[in-house]
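Here is how the chains run, residue by residue.
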Amino acid sequence: MDAAGDDERVNDAVPDREPERSRPTQVSAPPKGFGKAVTLLDVAAHAGVSFKTVSRVVNGEPNVRPETTAKVLVAVDALQYRPNQVARNLRRRRSGFLALLVPHLNQPYFAALASWVSHAAKAYGRTLIIEETSADPEQEAEVLDALASRLVDGVIFSPLVTTRDVLRSRMMAMPIVTVGEHFEPEEGDHVAIDNVGAADAVTEHVLASGRRRIAVIGREPGEGTGGQRWAGVIRAHDRRGLTADPDLAVPVTYYGRAEGAEAMGHLLSRAPEIDAVICFSDLLAVGALRTLREHGVSVPGDVAVSGFDDIEETRFTAPRLTTVSPDIERLATEAVRLLVRRVENPQVPPQHVRVPFTLAIRGSTDAAQP
């Protein structure tokens, strides 16, 4: 369900920063003997103002006369003063650290997500800690509890098995933003792509090419990734007056290459008439392509194959893989924005943001594509 905040853009909020001020071009040289760490008292003495005045200028507080502000900034430049960010964070009861919890760092999608979240955190002046949970319910809960007891300001969490009740209780202890499709918590901030719409789009592309015996690899029960994407496959069929065949939808225990290869072999043995396979991850599709090649099945001549995530490997398969390409950079940036927003103001209402996707059509579904 889309909430009112879904259409918000990253540009609506920018990282906190000190107010911009014009500074004099001439600065005096630091006095001799200043080899030790410079303090606010040193700046105050150099500028000839009180410690309180320097503190107000450095922290961007209002009601300081422009000429006084200019004197303080000249002293800051002259003494090369650098604020003690650790002490400042401790006074504000914040650490400057954010955490990211993902199920599998060895999966390219989550590795890319971690990289983009790290970049976004730096833009807000935060440092990122990354934890892997292995999609284990006990590990997901234990890591959340451990982070809540440390100096971590908040968590971006990609849950795969954590229940709503467990997550709800942890949200009471610390700011948490969830990413992905496991579920959409009503109580907290959440960022994800429109999985139903994305699966609908890729299914419509396959149906438009005239294929009708469409198999699926990666279906799962419930409202998680596989469940949402299966709903999109059904919707595309329904729109054309067709029926998605649940007997051709194969579940897997893990979205990996080996599981995709095994599922494809299973499909070929019991439904050799299929003419398309929609895989719910690119790694599943890579495995399916290998099995099809080993069985002498032409792609896309006999069977069209598509994936999800648009990982780098999709550009090097033969043929290149058609895939749903989510805007991972936008997802990461939105997640960090929402987390910093909640850290700064825990009482703000939750936002649920849908991140856009595109359909990258390549040779695995369209022989005309390179």
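Residues numbered from 1 in each chain as written. Predicted model: local features only at pLDDT ≥ 70, side-chain atom pairs only at ≥ 80, totals over all residues. Heavy atoms only, no water.

Any chance you could explain the overall build of the chain here in plain terms?
Tallying secondary structure elements over the chain gives 12 helices and 12 strands in all. Buried positions account for 51% of the 370 residues belonging to the chain. In the form shown here, the chain has an accessible surface area of approximately 18,000 Å², with 52% of it arising from carbon and sulfur atoms. (Helix = DSSP H or I, 4+ residues; strand = E, 2+ residues; numbered from the N terminus. Buried < 20%, exposed > 50% of the residue type's maximum accessible area, 1.4 Å probe, protein only. Areas by Shrake-Rupley, 256 points an atom, 1.4 Å probe, with all protein chains shown as cover.)

Explain the packing of aromatic side chains here, please?
To describe a pair of aromatic rings, you give the distance between the ring centres and the angle between the ring planes. Applying the stated criterion across every chain yields a total of two aromatic pairs. Seen from their ring centres, Tyr109 and Phe110 are 5.2 Å apart, and the 80 degrees between their planes marks the pair as edge-to-face. Residue Tyr109 is classed as buried on the basis of its relative accessible area of 16%. The class for Phe110 is buried, based on a relative accessible area of 9%. (Phe/Tyr/Trp six-rings, centres within 6.5 Å; stacked < 30°, edge-to-face > 60°.)

Would you mind going over unusual backbone geometry with me for this structure?
For residues besides glycine, phi is generally negative; the peptide bonds are generally trans as well. The amide bond that connects Val299 to the next residue, Pro300, takes the cis arrangement and shows omega of 10 degrees. Secondary-structure assignment places Pro300 in the loop between α11 (282-294) and β9 (304-308). Of note, the phi angle at Asp309 is positive, near 115 degrees, even though the residue is not glycine. Counting through the fold element by element, Asp309 comes out in the loop between β9 and β10 (322-326).

So what exactly am I meant to see when it comes to the packing of helix α5 (residues 108-123) against helix α12 (residues 328-344) here?
Working note: a packed helix pair is described by the angle between its axes plus the distance between those axes. Where α5 meets α12, the closest approach of the two axes is 8 Å, and the angle between their N-to-C directions is 50 degrees. The pairing of α5 with α12 is recorded here as oblique in orientation. When the axes of α5 and α12 are compared, the crossing they make is right-handed. Note on element contacts: α12 touches α5 through Ile328, Glu329, Leu331, Ala332, Thr333 and Val336, opposite Tyr109, Ala112, Leu113, Trp116, Val117, Ala120 and Ala121. Split into classes, the residues belonging to the contact of α5 with α12 amount to 11 nonpolar, one polar and one charged. (Axes fitted to C-alpha atoms, helices over the stretch in contact; angles between N-to-C directions. Parallel < 35°, antiparallel > 145°, perpendicular 65-115°, else oblique. Left-handed = near helix turned anticlockwise from the far one by under 90°. Contact = heavy atoms within 4.5 Å. Nonpolar A, V, L, I, M, F, W, Y, C, P; charged D, E, K, R; others polar.)

Just to check I follow, could you spell out the pairing of strand β6 (residues 214-217) for this structure?
Regular strands place their side chains on alternate faces of the sheet. Burial along β6 is two-sided: Ile214 and Val216 and Ala215 and Ile217, pointing in opposite directions, are all buried. Looking at chain direction, β6 and strand β8 (residues 276-279) are connected through four bridges and run parallel. Among the inter-strand pairings, Val216 is bridged to a residue of β8, identified as Ile278. (Pairing = 2+ DSSP bridges.)

For this particular structure, what's the right way to read the sheet that holds β8?
Through backbone hydrogen bonds, the strands of a sheet pair up, either in parallel or in antiparallel fashion. In spatial order, the strands read β7-β6-β8-β9-β10-β12; together these six strands make up an open sheet with mixed pairing. Each edge of the open sheet is held by one strand with a lone partner, namely β7 (249-250) and β12 (357-360). Sheet topology note: the β8/β9 ladder contains three bridges and is parallel. When the sheet's bridge partners are listed, Ile278 is paired in β9 with Ser306. In the packing of helix α10 (residues 257-270) onto the sheet, the strands contacted are β6, β7 and β8, and the crossing angle to β6 comes to about 150 degrees.

Looking at this model, I keep getting lost on the nonpolar core. Mind explaining?
The tendency in soluble globular proteins is for nonpolar side chains to be buried as a group. Counting residues in hydrophobic clusters, the biggest one holds 70 residues, and the most contacted among them are Leu113, Val191, Ile217, Met264 and Val305. With sequence-adjacent residues up to four places away left out, Leu113 is seen in contact with Val102, Val179, Ile328, Leu331 and Ala332. Membership of the second largest hydrophobic core comes to 16 residues, among which are Val58, Val72, Ala75 and Leu79. (Core = buried A, V, L, I, M, F, W, Y, C linked by side-chain atoms within 4.5 Å.)

For this particular structure, what's the right way to read the sheet that holds strand β4 (residues 176-179)?
What the six strands build is an open sheet, ordered β2-β1-β3-β4-β5-β11; its pairing is parallel. The open sheet has two free edges, formed respectively by β2 (127-132) and β11 (352-355), since each of these has just one partner strand. Averaged over all pairs of adjacent strands, the angle between their axes in this sheet comes to 20 degrees, without regard to strand direction. Pairing between strand β1 (residues 97-102) and strand β3 (residues 154-157): four bridges, direction parallel. Pairing of Leu98 across the sheet is with Gly154, part of β3. Of the strands in this sheet, β1, β3, β4, β5 (189-193) and β11 are in contact with α12, which crosses β5 at around 175 degrees.

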